[in-house]
Amino acid sequence: MIPMLIAGSTLNAVGSLVQGQQADALGRRNQEALNQQSEAVRGSTYAREGSKRRQGAQAASSQRAALLQGGIDPTSGTAAFGVAQSMRDMEMDALYTRYEGLLQSRSLEDQGRMERYQGKAAKMNSYFSAASSLMMAGYGAYAGGYFAAGQNGYASMVGMST
């Protein structure tokens, strides 16, 4: 009975340790994948931001050309104000695009850190679970031997007569 208790508890402890190691490895892999996604989002964000700026510059050039064709000086008065406002709007769009992408990238990095933390926590918990299993087996073996020896306890276990 006692050898089975010890063997079962040992298997339970080993299983807990293996499960903790697997959870840790999974957390590490998930963090790496999320960090790669974060880098991809960041790269595409900068590309979209640049594209917005180029589109805005082209639109402003077209706006100035149209004003000049109409005989209006785009560098003075209301026309200058309109062109400048268009440029400010374009810049705000580009900055918003960057802000939105960087927030998404940061969120992915945070998720990666959380995955890694959960893996480490599962690994640590597996150590406690394994130790608990082994201590319970030790106690069960001790208590089983103690009570199986009879009412005289230790004296009966070692062969001493009462």
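Residues numbered from 1 in each chain as written. Predicted model: local features only at pLDDT ≥ 70, side-chain atom pairs only at ≥ 80, totals over all residues. Heavy atoms only, no water.

Chemist: Just to check I follow, could you spell out the overall build of the chain for this structure?
Modeler: Within the chain one finds three helices and zero strands. Each helix and strand of the chain, ordered N terminal to C terminal, gives the series α-α-α. Counting all 162 residues of the chain, 23% fall into the buried class. Pairs at least 24 apart in sequence give 77% of the contacts found in the chain among residues at least 6 apart. Counting only carbon and sulfur atoms, one obtains 60% of the accessible surface of the chain, whose full area is about 11000 Å². (Helix = DSSP H or I, 4+ residues; strand = E, 2+ residues; numbered from the N terminus. Buried < 20%, exposed > 50% of the residue type's maximum accessible area, 1.4 Å probe, protein only. Contact = heavy atoms within 4.5 Å. Areas by Shrake-Rupley, 256 points an atom, 1.4 Å probe, with all protein chains shown as cover.)

Chemist: Honestly, helix α1 (residues 2–69) in this entry has me stumped. Any pointers?
Modeler: Its 68 residues give α1 an end-to-end C-alpha distance of 99 Å, which sits within 8% of 100 Å, the value for a rise of 1.5 Å per residue. Positive backbone phi, approximately 85 degrees, marks G71, located one or two places after α1. (Expected span 1.5 Å × (residues − 1).)

Chemist: Looking at this structure, I do not really get the side chain of S133. What am I missing?
Modeler: Examined against the element boundaries, S133 turns out to sit in helix α2 (residues 77–148). The class for S133 is buried, based on a relative accessible area of 9%.

Chemist: What should I look at first to understand the pattern of salt bridges in this one?
Modeler: Pairs can form between side chains of opposite charge once their charged atoms are near each other. The final tally for this structure, using the stated rule, is 10 salt bridges. In this structure, D24 and R116 form a salt bridge, with 2.4 Å as the shortest nitrogen-oxygen distance. Of this pair, D24 sits in helix α1 while R116 is found in helix α2, placing the two residues 92 residues apart along the sequence. Residue D24 shares its accessibility class with R116, and that shared class is buried. Across the pair R42 and E39 runs a salt bridge, and its minimum N-O distance is 2.7 Å. In this pair, R42 and E39 are both assigned in helix α1, three residues apart and thus about one turn of the helix distant. For E39, a relative accessible area of 47% corresponds to the partly exposed category. Connected through salt bridges with shared partners, the residues D24, R28, R116 and K123 form a single ionic network. (Salt bridge = Lys/Arg side-chain N within 4 Å of Asp/Glu carboxyl O.)

Chemist: Honestly, the environment of F128 in this entry has me stumped. Any pointers?
Modeler: Note that F128 resides in helix α2. Judged by relative accessible area, F128 falls into the exposed class, the value being 56%. Put simply, F128 and L17 are 111 residues apart on the chain and 9.2 Å apart in space, counted from C-alpha to C-alpha.

Chemist: How should I be thinking about the confidence of the model for the chain in this particular structure?
Modeler: The predicted structure's coordinates, where accompanied by low pLDDT, should not be read in detail. In this model, the chain carries a mean pLDDT of 86, and residues with pLDDT of at least 70 account for 88%. Segment residues 151–158: pLDDT under 50, and eight contacts once partners within four positions in sequence are set aside and those in other chains are kept. (pLDDT = per-residue confidence, 0-100.)

Chemist: Looking at this structure, how should I read a nonpolar patch on the surface?
Modeler: Taken together, the side chains of L17, M124, Y127 and F128 define a hydrophobic patch exposed on the protein surface, amounting to about 390 Å² of accessible area. No other element matches α2, which puts three residues into the nonpolar patch. Note on placement: Y127 falls in helix α2. A relative accessible area of 37% means that Y127 is categorised as partly exposed. (Patch = residues over 30% accessible without salt bridge, like charges linked within 9 Å, V, L, I, M, F, W, Y side chains within 5 Å.)

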